[in-house]
Amino acid sequence: MRKQKQHNEHQSASAYFQEHGYHEEFPPLAEGQANKRKMMIDLGPEQKAENIVSSKPEDLPISNYGSQPDDSSPSTPLKNKGMPPACAISSQSSQSDCNHGAGTKKFNSSGGWPNIEPFDICLSRRRHYIEQNVEMTRGGVLRPGMVLLKYYLSIREQIKIVRTCQELGKGPGGFYQPGYNDGAKLRLHMMCLGLNWNPQTRKYEKVRSVDSCEPPGIPNEFILLVQRALSEAHSLIMEDSEVSNVEDILPAMSPDICIVNFYKTSGRLGLHKDRDESKDSLKKALPVVSFSIGDSADFLYGDNRDVEKAEKVLLESGDVLIFGGDSRHIFHGVSSIIPKSAPWALRDNTMLRPGRLNLTFRQY
């Protein structure tokens, strides 16, 4: 059954989404569109998508349609009366300064304390979208030790992840734009959980050097999702190849680090290796587990640091990419973000900014 669900290339998109609990978020596609799904075109906050309004439930305006309860699942609806929209969540610890004891010194180029402005990954105003079809991609075992789980995280799980990251990201140790001593800035906002990764020194640290904030811990629900995804990846590897011990191909791991990056639509990340974990972790080739949420991204990977020779795969919202074992030390990066490609139900229930939220879990 799992093999049929993961690998049946002739399965229609509507049947796939229905099978995975996406009944409400993805209406059935018309005949001949089996390999396509819906993509949103941004009409801006002031315009109205009048041409998509009708009296049929499946043709409701997007701002309303994504808010309807999901009767196909016994779990709680996407919008609970007692839960405010993600952007209404306020953090009691949203101040940008951290108290780590009297006499603690902070350093910046001017000799003073840097003022890290809180970054909110969600918008405060709702935007309107119309639909456009985009090609789907398939997942599975991409190469030894590398597995792509397509649409693995449900819309409801993605919403919870966005809300959690938003709340953590506005507090101490939350999102900031990392840079280097020469003034150059990375084209993303970053937040670390568990341990802080310093892009300047390429080392992990218990306290973030730019503001002396301790990184938040990894929420337990994130750890459970990682463990579940690794178990699914092991099952796919066993179906794809005859092995006596699947962990010889993809080792198990318990994440104690998570780097959360938010890429705006202009965000990029050059080809690189993740090689700053402990010697023991790297020697065992413990995997990196990556969650993609929001707009889609063109992900490059290969054995050499050569963009022209790199393989490319489209990572969409809800995808989980895992690479360990023989694939642990591959070069990888993000060449582009596909604007307005996030599921509208995710946007409608979180008002996530245009861009891509990426969580990468590792074991130090």
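Note that the structure is predicted; figures quoted are calculated from it, not measured.

**Student:** Quick question: what am I supposed to make of the sheet that holds strand β14 (residues 331-338) here?
**Tutor:** Adjacent strands of a sheet pair through backbone hydrogen bonds, lying either parallel or antiparallel. Strand order in this open sheet of four strands is β9-β14-β11-β12, and the pairing throughout is antiparallel. At either end of the open sheet lies a strand with only one pairing partner, and these are β9 (269-272) and β12 (311-315). Neighbour-to-neighbour, the strand axes of this sheet turn through a mean angle of 25°, independent of strand direction. Where strand β11 (residues 296-302) meets β14, seven bridges bridge the pair, whose relative direction is antiparallel. Residue Gly302 lies in a different strand from β14, and its bridge partner there is Phe331.

**Student:** Could you clarify how one ought to interpret the sheet that holds strand β3 (residues 140-143) in this entry?
**Tutor:** What the seven strands build is an open sheet, ordered β3-β4-β13-β10-β15-β8-β5; its pairing is antiparallel. Two strands lie at the open edges of the sheet, namely β3 and β5 (189-193), each paired on one side alone. Along the sheet, successive strands turn relative to each other by an average axial angle of 20°, direction set aside. Where helix α5 (residues 220-240) meets the sheet, it contacts β3, β4 (146-149), β5, β10 (288-294), β13 (320-323) and β15 (356-362), and its direction lies at approximately 115° from that of β4.

**Student:** Sorry, what's going on with the packing of helix α4 (residues 155-169) against α5 here?
**Tutor:** Think of two packed helices as two axes; the pair is described by the angle between the axes and how far apart they sit. Following both chains from N to C, one finds α4 and α5 inclined at 140°, their axes separated by 11 Å at the closest point. Compared by their axis directions, α4 and α5 come out oblique. Crossing handedness for the pair α4 and α5: left-handed. In this structure, α4 contributes Glu157, Ile161, Thr164 and Cys165 to the contact, and α5 contributes Glu221, Phe222, Leu225 and Arg228. Among the residues making up the contact of α4 with α5, the classes are represented as four nonpolar, one polar and three charged.

**Student:** Would you explain the packing of aromatic side chains in this entry?
**Tutor:** Two measures describe an aromatic ring pair: the distance that separates the ring centres and the angle between the ring planes. Across all of its chains, the model carries six aromatic pairs by this definition. Between Phe119 and Phe262, the aromatic rings sit 5.9 Å apart at their centres with planes inclined by 50°, giving tilted as the arrangement. In this pair, Phe119 is assigned in the loop between α3 (62-65) and β2 (128-135) and Phe262 in strand β8 (residues 257-263), connecting sequence segments 143 residues apart. Both residues of the pair, Phe119 and Phe262, belong to the buried class. Ring plane angle 85° and centroid distance 6.3 Å describe the contact between Phe222 and Phe361, whose orientation is recorded as edge-to-face. One end of the pair, Phe222, is in helix α5; the other, Phe361, is in strand β15, with 139 residues separating them in the sequence. Each member of the pair Phe222 and Phe361 is classed as buried. Put simply, the rings of Phe119, Phe175 and Phe262 pair up and form one aromatic cluster. Sitting above the plane of the Tyr151 ring, Lys150 keeps its charged end 4.9 Å from the centroid.

**Student:** Just to check I follow, could you spell out α4 for this structure?
**Tutor:** For α4, with 15 residues, the first-to-last C-alpha span of 20 Å sits near the 21 Å given by 1.5 Å per residue. Most of α4 sits out of view: twelve of its 15 residues are buried. Listed as buried for α4 are Ile155, Arg156, Glu157, Gln158, Ile159, Ile161, Val162, Arg163, Thr164, Cys165, Gln166 and Gly169. Buried residues along α4 sit against β5, α5, β8, β10, α7 (344-350) and β15.

**Student:** Can you walk me through the environment of Pro354 in this structure?
**Tutor:** Of note, Pro354 is situated in the loop between α7 and β15. Residue Pro354 is classed as partly exposed on the basis of its relative accessible area of 29%. For Pro354 and Asp295, which are 59 residues apart along the polypeptide, the C-alpha to C-alpha distance reads 6.9 Å. Aside from chain neighbours lying at most four places away, what touches Pro354 is Leu123, Phe262, Tyr263, Lys264, Thr265, Asp295 and Arg347.

**Student:** Mind showing me how you'd approach unusual backbone geometry here?
**Tutor:** As a rule of thumb, non-glycine residues mostly have phi less than zero, and peptide bonds are mostly trans rather than cis. Positive phi outside glycine occurs at Ala285, with the angle close to 55°. If you trace the backbone, Ala285 turns up in the loop between α6 (279-283) and β10. By relative accessible area, which is 10% here, Ala285 ends up buried. At Lys340, a residue that is not glycine, the phi angle is positive and equals roughly 60°. Position of Lys340 relative to the elements: it lies in the loop between β14 and α7.

**Student:** Explain the pairing of β10 to me, please; I cannot follow it from the model alone.
**Tutor:** A regular strand places its side chains so that they alternate between the two faces of the sheet. With seven of its seven residues buried, β10 lies for the most part within the structure. Both β10 and β13 contribute to a ladder of four bridges, which runs antiparallel. Bridging from a neighbouring strand, Val288 pairs with Phe323 of β13. With six bridges connecting them, β10 and β15 associate as antiparallel partners. Counted as the bridge partner of Ile293 is Leu357 from β15.

Definitions and limits used
- Residues numbered from 1 in each chain as written.
- Predicted model: local features only at pLDDT ≥ 70, side-chain atom pairs only at ≥ 80, totals over all residues.
- Heavy atoms only, no water.
- Pairing = 2+ DSSP bridges.
- Helix = DSSP H or I, 4+ residues; strand = E, 2+ residues; numbered from the N terminus.
- Axes fitted to C-alpha atoms, helices over the stretch in contact; angles between N-to-C directions.
- Contact = heavy atoms within 4.5 Å.
- Parallel < 35°, antiparallel > 145°, perpendicular 65-115°, else oblique.
- Left-handed = near helix turned anticlockwise from the far one by under 90°.
- Nonpolar A, V, L, I, M, F, W, Y, C, P; charged D, E, K, R; others polar.
- Phe/Tyr/Trp six-rings, centres within 6.5 Å; stacked < 30°, edge-to-face > 60°.
- Buried < 20%, exposed > 50% of the residue type's maximum accessible area, 1.4 Å probe, protein only.
- Lys NZ or Arg CZ within 6 Å of the ring centre and 35° of its normal.
- Expected span 1.5 Å × (residues − 1).

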